[in-house]
Amino acid sequence: MPIREIVALPNPVLRRKARPVTEFGPALQILVDDMIETMRQAPGVGLAAPQVGVSDRVIVVEYPADDEQEDSPKKLYVVVNPEIKEISTETEPGIEGCLSIPGLQGEVERSLSVTVKGRTRRGQPLKIKAKGWLARIFQHEVDHLEGVVFTDRATKVWKPEPDEPVLDNV
Ligand code: NI
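Described in the following lines is the structure provided in the data block. These figures come from a predicted structure and were not determined experimentally.

Examining the coordination of the nickel ion
- Around the nickel ion, the protein contributes the donor atoms C98 (SG), H140 (NE2), H144 (NE2) and V170 (O), which lie 2.1 to 2.3 Å from the metal centre.
- One can describe the donor arrangement at the nickel ion as irregular, given that its 4 donor atoms subtend angles of 92 to 149 degrees at the metal.
- Counting the intervening residues between successive donors of the nickel ion yields the motif C-x41-H-x3-H-x25-V. Note that C98 is positioned in the loop between β4 (91-96) and β5 (105-111) and H140 in helix α2 (residues 132-145), a separation of 42 residues in sequence. An identical accessibility class is assigned to C98 and H140; each is buried.

Section: the packing of aromatic side chains
- For the structure on display, the rule yields 1 aromatic pair.
- Seen from their ring centres, Y77 and F138 are 5.5 Å apart, and the 75 degrees between their planes marks the pair as edge-to-face. Of this pair, Y77 sits in strand β3 (residues 74-87) while F138 sits in helix α2, and the two are 61 residues apart along the sequence. With respect to class, Y77 is no different from F138; both count as buried.

Some points on α2
- If you check α2, its first and last C-alpha atoms are 21 Å apart, about what 14 residues at 1.5 Å a residue would give, namely 20 Å.
- When you tally the buried positions in α2, you get 13 out of 14 residues, the bulk of the element.
- Phi turns positive one or two residues past the end of α2, at G147, with a value near 80 degrees.

The rules behind these values
- Along each chain, residue indices are assigned from 1 in the same order as the chain's sequence is written.
- Confidence filtering applies because this is a predicted model: local features only for residues at pLDDT of at least 70, side-chain atom pairs given and counted only at 80 or more, and all residues used for totals across whole chains, interfaces and linings.
- No hydrogens and no water enter the side-chain calculation; it runs on all heavy atoms of the structure.
- Donor criterion used throughout: N, O or S atom within 2.8 Å of the metal, extended to 3.2 Å for Na, K and Ca. Water excluded; incomplete-looking sites may result.
- Angular criteria define each label, namely tetrahedral for four donors with all angles between 85 and 135 degrees, square planar for four and octahedral for six donors with opposite donors over 155 degrees apart and remaining angles between 65 and 115, and irregular for whatever fails these tests.
- Each helix is a run of DSSP H or I of at least 4 residues and each strand a run of E of at least 2, with the numbering of both proceeding from the N terminus.
- Exposure is judged per residue with a 1.4 Å probe applied to protein chains only, and the accessible area is read against the type maximum: over 50% gives exposed, under 20% gives buried, and values in between give partly exposed.
- Only the six-membered ring of Trp is used, alongside the rings of Phe and Tyr, when aromatic pairs are assigned; centres must lie within 6.5 Å, and planes under 30 degrees apart are stacked while those over 60 apart are edge-to-face, with the rest tilted.
- Helix span, expected: 1.5 Å multiplied by one less than the number of residues in the helix.

So this is what it looks like as structure tokens:
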């Protein structure tokens, strides 16, 4: 499973609306495996296909299902053609960084909970209910498929000081 190069702004693939996936064959399986490996190596907690230069609607996320619970194990999510179906009106600010925008952080207001619908890597229907940071990661990754990056939504953006804690990148 080769690690792919993560592309950064101003690469135009990050500004394109990604194509829906219609074939769940070997090419998709290779892309998904490579994205998982690339996310882990970065390291990151989420990655969207445009971040490896592929304009397809595929995201991978690896994060504890409930990060408020101590020792909650990390869970891997692969979602093809993800859509955010239910989104809480209640929002909260959080600090985000992105593997495709190195050296910047921003404060972004996101919904507290979402329901993500899509397909598994084998084409089966999939539904995920997420809250807190997991919900934030899904919102960030689905934005990537629309050509939207966190700096578009951020209320403020800054270069982190060397002593600021390192964020989980997405
Ligand atoms: Ni990102």
